[in-house]
Number of protein chains: 2
Amino acid sequence: MKGPELLIQGARLWGGPRADLLVRGGRIAALGTGLDAGPDTERIDAAGCLALPGYVDAHAHVDKTLWGLPWQPHQAGPTLLDRIENERRVMKELRLSSELQSARLLRHMVARGTTHVRTHVDVGLDMGLAYLHGVQAMHAAHSEFIDLEIVAFPQTGVMIRPGTLDLLDQAVLAGAQVIGGIDPIGVDQDPKGQLNAIFAIAERRGCGIDIHLHDRGETGAMTIAMIAERTRTLGLKGRVAISHAFCLGGLEPERLEQMIELLLDNDIAIMSHGPVGGIPFPPVRLLAERGVRLFTGSDGVRDCWSPLNTGDMLERAYLIAYLNGLRDDPGLELALRMATYGGAQLMGAQDYGLEVGCAADLVLVPAECAAEAVALHPRPRWVLKRGRVVARDGRDLLPPLD
Amino acid sequence: MKGPELLIQGARLWGGPRADLLVRGGRIAALGTGLDAGPDTERIDAAGCLALPGYVDAHAHVDKTLWGLPWQPHQAGPTLLDRIENERRVMKELRLSSELQSARLLRHMVARGTTHVRTHVDVGLDMGLAYLHGVQAMHAAHSEFIDLEIVAFPQTGVMIRPGTLDLLDQAVLAGAQVIGGIDPIGVDQDPKGQLNAIFAIAERRGCGIDIHLHDRGETGAMTIAMIAERTRTLGLKGRVAISHAFCLGGLEPERLEQMIELLLDNDIAIMSHGPVGGIPFPPVRLLAERGVRLFTGSDGVRDCWSPLNTGDMLERAYLIAYLNGLRDDPGLELALRMATYGGAQLMGAQDYGLEVGCAADLVLVPAECAAEAVALHPRPRWVLKRGRVVARDGRDLLPPLD
């Protein structure tokens, strides 16, 4: 389903001049000044706006958001295991529909300019494949509004909960495009076991890998080395991502250099969202300068883990800049690339970008340049998905949910 | 000049029930459900909104903002002294009017809900009292829209630049309500000299003190001890504030406890805005639990120091929560108190708050409760200053400049 022909007039292009964009058949059909179009072509006066490619939220947890519910005060204790156990309890009590919850959050994400999402979806003994099926049903009803990729995610551990591994394999067979993992040492206390098992599924099913790694210091570094070794051995270069990788923020320079070499040799991508609470995080400017692929995401938006993430990827770029001290234009643009091109490349979005022929997945924000867009992180004036206006002035234009 | 009689209907009150607020003569005249008012009374339908007292930006630098200019890429090097020198150069080149610049920023602050500002204003050899006079002229034209307090601020140092001290004294005589200081060790290398001189002005002129302290670790801690000693000796308990106080984020627990004792004994307030770039910052939850007075502010909004501060105090509360890992409701409310009551108390705003008789300085935001307001930090629907609507849906209603 393609939107109408549309002429976006007088927007500035990220890194380029002021130009008109002609959108036809869901794609950018032409770019230039003073473009002409037929009298039936809809027009958008985008003077004062910057045109950006749609935001890519490449690390979300849409299946278990509390978005749209009455305010739920945060109840968990401070440790990772506290939060896992608290979430198990709350989710049992609330008995939410992951289809409905993910649809609620999706609308908000679209309103804030997101056109692509990679979401981790819990797969485990508590919910089996129910969350996966819920998110898939949501996406079936919303595929024209969002590109979605699903990671089968063992939130509560793999080896520590027998039966989970088989569920993960089933999840990939049922359509999850990526297999996830979580702290092979900190949660499972069996890094060899978890990593061998997950990589075996990736090899067998031909899917990508995206592992949550909260473990810090040498525990995290050792895990990265083990991930890199398996990536190399199984020929999965370019197919593996590590999310959070807090450990990269706390290593001695020499050990950090070893890690960077491993990431580059195996083309492993790193997700950093600029974590809450003053914990260490990967030094994104250094990693980017060395050529490490970087991406970002909202993480959990208003869920049992935290009420603090908002699902706004331009604000996410701002938080990354804020936490990393990126004040100059190259730094601010790096943060924005993580929230756009970085995630798009991770998701294999071939026709992503601001060039002729690309999908017309576009955000128009009131800003003079990309650096200002990050610094101010205004709400989008218009959001386009495949050439159709799907949000206007911070409100989505999707069909209402029941 | 007082606004009209106004009935705000159906708002939730911070920490209280849903209620109507009757505003008359610039004050909250009544609070309750089903309030009656005459047919000529203007009405605001605030269903779905939370009523908060106006935000207090109690650490700003409105005199040297670049707000309203074309985007200026950040150029400074990474150290404090790099930034001071870069700012001197840029400000000489740009030759800005502090009256115009502060008026531009003020409009934006009002649009985002701020009703009270304490601003540091540069006083020094480069500008003499020119910035002070500019900000005072701005305030004379805007006194009905904002409560403003001025700190005479020696950005480039005191003892290191002979002549500055005399200018600071003149600034206080010319109307600055507070005397400032800056890193007596790191910038001046003469803590005894700077602190004795500044405290002497405070004693002589009867003004408050607010000292920028970026120095970290034991250098900062020693400075706090010296400030506390002079506060006690001169009987200035409750009149002194320390801004930034990064050192409180990096001390051993025992030394931190000593600092807390000194702050409590002398009722010294601490400003933290949640600094950029992963540097240490005061542990606000711990300090609040011990009873230390806390407040916050935007710091420099889009100036030579950083493009990253936005002048939105609800977003500032969010950043404080984010950086300090405040996820539960008490933590989120603490961050909001720093951006409201904490600053109001610092500024001696007697009639500040949500009770009958208080000035009708109010913000109505779409949120269910204070914790949600911080987590989502939406733009205000309405902002009232002394009973008059001064902003609506994120846009100020002030008379245009020029």
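Computed from a predicted structure; not experimentally measured.

*Asks:* It is not clear to me how the overall build of chain A should be interpreted in this structure. Could you clarify?
*Replies:* Summing up its helical and strand segments, chain A has 11 helices and 17 strands in all. Computed over the C-alpha atoms, the radius of gyration of chain A is 21 Å, within 12% of the 21 Å expected from 2.2 N^0.38 for a compact globule of 402 residues. When the backbone C-alpha atoms are referred to their principal axes, chain A occupies close to 65 × 50 × 40 Å. Taking all 402 residues of chain A together, the buried fraction comes to 58%. Across chain A, contacts joining residues at least 24 apart in sequence account for 76% of those joining residues at least 6 apart.

*Asks:* Teacher, can you tell me more about the sheet that holds strand S13 (residues 294–295) of chain A here?
*Replies:* Within a beta sheet, neighbouring strands are joined by backbone hydrogen bonds and run either parallel or antiparallel to one another. All names here are of chain A. Taken together, eight strands build an open sheet; the order of strands is S6-S7-S8-S9-S10-S11-S12-S13 and the sheet is parallel. This sheet does not close on itself; its edge strands, each paired only once, are strand S6 (55–60) and S13. By the bridge criterion, four bridges tie S6 to strand S7 (residues 114–122) in an arrangement that is parallel. Considered in S7, the bridge of Ala60 is made with Thr119. Where helix H5 (residues 191–205) meets the sheet, it contacts strand S9 (178–182) and strand S10 (208–213), and its direction lies at approximately 175° from that of S9.

*Asks:* Mind showing me how you'd approach the confidence of the model for chain A here?
*Replies:* Note that predicted coordinates carrying low pLDDT should not be read in detail. Scored by pLDDT, chain A has a mean of 96; 99% of the residues are at 70 or more. The ipTM assigned to the predicted complex is 0.97, against a pTM of 0.97.

*Asks:* Any chance you could explain the relation of the copies chain B and chain A here in plain terms?
*Replies:* Copy one and copy two of the chain differ by a rotation about a common axis and a shift along it. At an RMSD of 0.0 Å, chain B and chain A line up after a rotation of 180° and a shift of 0.0 Å along the axis. The superposition of one copy onto the other is thereby described by a two-fold rotation axis. When each C-alpha of chain B is compared by its distance to the rotation axis, Gly278 of chain B comes out closest, at 3.6 Å. Comparing contact sets, 100% of the residues at the interface of chain B also lie at the interface in chain A, consistent with an isologous, same-surface contact.

*Asks:* I tried to follow the nonpolar core on my own but got confused; where do I start?
*Replies:* In summary, soluble globular proteins display a tendency toward joint burial of nonpolar side chains. With 256 residues, the main nonpolar core has Ala51, Ala152 and Val374 of chain A together with Ala51, Ala152 and Val374 of chain B as its most contacted residues. The residues contacting Ala51 of chain B, other than those within four sequence positions of it, are Ile8, Ala11, Arg12, Leu13, Trp14, Leu21, Ala46, Leu354, Leu362 and Leu364 of chain B.

*Asks:* What's the story with the domain arrangement of chain A in this structure? I'm lost.
*Replies:* When the parts of a complex come together, some accessible area is lost, and that lost area is often taken as the interface size. All names here are of chain A. Splitting chain A by domain gives domain 1 (6–53 + 352–394) and domain 2 (55–346). The C-alpha-based centres of domain 1 and domain 2 are spaced at 29 Å. Taken residue by residue, the interface counts 20 residues in domain 1 and 20 residues in domain 2. When residues of the side of domain 1 that touches domain 2 are traced back to their parent elements, those giving at least two are strand S5 (49–53), strand S14 (362–366), helix H11 (370–376), strand S15 (382–385) and strand S16 (388–392). Broken down by class, the residue content of the side of domain 1 that touches domain 2 amounts to 14 nonpolar, two polar and four charged.

*Asks:* What's the story with unusual backbone geometry in this structure? I'm lost.
*Replies:* Generally, phi is negative for residues other than glycine and the peptide bonds are trans, each holding for most cases. All names here are of chain A. A positive phi is found at Arg386, a non-glycine position, where the angle reads about 45°. The topology assignment puts Arg386 in the loop between S15 and S16. With 22 C-beta atoms packed within 10 Å, Arg386 lands in the buried category. Its identity as a non-glycine residue notwithstanding, Asp393 has a phi of 50°, on the positive side. Looking at the element boundaries, Asp393 is found in the loop between S16 and strand S17 (395–396).

*Asks:* Explanation requested: the interface of chain B and chain A in the structure shown.
*Replies:* Each side of the interface is counted separately: chain B has 26 residues, and chain A has 26 residues. Only helix H9 (313–324) and helix H11 (370–376) of chain B provide two or more residues apiece to the side of chain B that touches chain A. With five residues, H9 of chain B is the largest single contributor of residues to the side of chain B that touches chain A. Tallied by class, the residues present in the side of chain B that touches chain A amount to 14 nonpolar, seven polar and five charged.

*Asks:* Just checking my understanding: could you explain the sheet that holds strand S12 (residues 269–271) of chain B for this structure?
*Replies:* With parallel pairing, the eight strands of this open sheet are ordered in space as S6-S7-S8-S9-S10-S11-S12-S13 (chain B). The sheet is open, and its two borders are formed by strand S6 (55–60) and strand S13 (294–295) of chain B, each paired with just one other strand.

Here is what the cut-offs are and how they apply
Residues numbered from 1 in each chain as written. Chains lettered and ligands numbered in written order. Predicted model: local features only at pLDDT ≥ 70, side-chain atom pairs only at ≥ 80, totals over all residues. Helix = DSSP H or I, 4+ residues; strand = E, 2+ residues; numbered from the N terminus. Rg over C-alpha atoms; globule rule 2.2 N^0.38 Å. Buried ≥ 20, exposed ≤ 12 C-beta atoms within 10 Å, placed from the backbone. Contact = placed C-beta atoms within 7 Å. Pairing = 2+ DSSP bridges. Axes fitted to C-alpha atoms, helices over the stretch in contact; angles between N-to-C directions. pLDDT = per-residue confidence, 0-100. Least-squares fit on C-alpha atoms with pLDDT ≥ 70 in both. Core = buried A, V, L, I, M, F, W, Y, C linked by C-beta atoms within 7 Å. Domains from an automatic or database assignment. Nonpolar A, V, L, I, M, F, W, Y, C, P; charged D, E, K, R; others polar.

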